[in-house]
Amino acid sequence: MAKGYWIAHVDVGNAEEYGKYVEANAAAFRKYKAVCLARGGKSEALEGIGRARNVIWEFPSYEAALECYYSTEYRQAKRLRDGHGVGEFIIVEGLPDGPTPA
């Protein structure tokens, strides 16, 4: 089964309030067995518009990634984020047989 990924590119407007969202979303991520692959850290936009904060979460499946996003736990956390950052957020399905070498 292919894994699912959340990929977010965000400019945070209010770090203190956004931090409350980060704390609150942990319950949803635990419930859906998500693993954080990248959060914040250094980044460099090589093409297109870059954002200050880039985050990648891995889920056991694409379906689990979607279920987490629409879950009550995550929607409650998301309300804390709304209005305190702007960016792009996508959910993508991984390769069916896992990573492949270049």
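The written sequence of each chain sets the order in which its residues are numbered from 1. pLDDT decides what is reported in this predicted model: residues at 70 or higher carry local features, side-chain atom pairs at 80 or more are listed and counted, and totals for whole chains, interfaces and linings draw on all residues regardless. Values shown for side chains rest on all heavy atoms present in the structure; no hydrogens or waters enter the calculation.

Enquirer: Lay out the sheet that holds strand β2 (residues 35-40) in plain terms, naming residues and giving numbers.
Expert: With respect to topology, four strands assemble into an open sheet ordered β2-β3-β1-β4, the strand pairing being antiparallel. The open sheet has two free edges, formed respectively by β2 and β4 (85-93), since each of these has just one partner strand. For this sheet, the mean inter-axis angle between neighbouring strands, taken without regard to orientation, is 10 degrees. A pair of strands is labelled paired if DSSP reports no fewer than 2 bridges between them. Starting at the N terminus, helices and strands are each numbered in turn, a helix being any DSSP run of H or I of at least four residues and a strand any DSSP run of E of at least two. Bridge count for strand β1 (residues 4-12) against strand β3 (residues 53-59) is seven bridges, and the pairing is antiparallel. Across the sheet, Gly 4 pairs through a bridge with Phe 59, a residue of β3. Across the sheet, helix α1 (residues 15-24) lies against β1, β2 and β3, angled at about 165 degrees from β1, the strand it touches most. We call two residues in contact whenever any of their non-hydrogen atoms come within 4.5 Å of each other. Angles run from 0 to 180 degrees between N-to-C directions of axes, and those axes are lines fitted to C-alpha atoms, restricted for helices to the stretch in contact. Where helix α3 (residues 62-70) meets the sheet, its contacts fall on β1, β3 and β4, and the angle it forms with β4 comes to roughly 145 degrees.

Enquirer: Before we move on, can you summarise the packing of α3 against helix α4 (residues 72-81) with the specific residues and values?
Expert: The geometry of α3 relative to α4 is characterised by a closest axis approach of 5 Å and an angle of 55 degrees between their N-to-C directions. One finds that α3 runs oblique with respect to α4. Along the contact surface, α3 presents Cys 68, Tyr 69 and Tyr 70, while α4 presents Thr 72, Tyr 74, Arg 75 and Lys 78. In the contact of α3 with α4, the residues fall into four nonpolar, one polar and two charged. Roughly parallel here means an angle under 35 degrees, roughly antiparallel means over 145, roughly perpendicular means 65 to 115, and every remaining angle is called oblique. When residues are sorted by character, Ala, Val, Leu, Ile, Met, Phe, Trp, Tyr, Cys and Pro go into the nonpolar class, Asp, Glu, Lys and Arg into the charged class, and all the rest, Gly among them, into the polar class.

Enquirer: Describe the packing of aromatic side chains, listing the residues and the values that go with them.
Expert: Side-chain rings of Phe, Tyr and Trp, where Trp is taken by its six-membered ring, are said to pair if the distance between their centres is within 6.5 Å; with planes under 30 degrees apart they count as stacked, over 60 as edge-to-face, and otherwise as tilted. What the rule picks out here adds up to 13 aromatic pairs. Measuring from centroid to centroid gives 5.2 Å for Trp 6 and Phe 59, while their planes differ by 35 degrees, and the two rings are tilted. With Trp 6 in strand β1 and Phe 59 in strand β3, this residue pair connects regions lying 53 residues apart in the sequence. Each member of the pair, Trp 6 together with Phe 59, is buried. Every member of this aromatic cluster is reached through a ring pair, and the members are Trp 6, Tyr 18, Tyr 21, Phe 29, Trp 57, Phe 59, Tyr 69, Tyr 70, Tyr 74 and Phe 89. For a Lys NZ or an Arg CZ to count as sitting over a ring, it must be within 6 Å of the ring centre and within 35 degrees of the ring normal. In this arrangement the basic side chain of Arg 81 is found over the ring face of Tyr 21, its NZ or CZ atom lying 5.3 Å from the centre. Burial classification: accessible surface area is computed with a 1.4 Å probe over protein chains only, and a residue below 20% of its type maximum counts as buried, one above 50% as exposed, and the rest as partly exposed.

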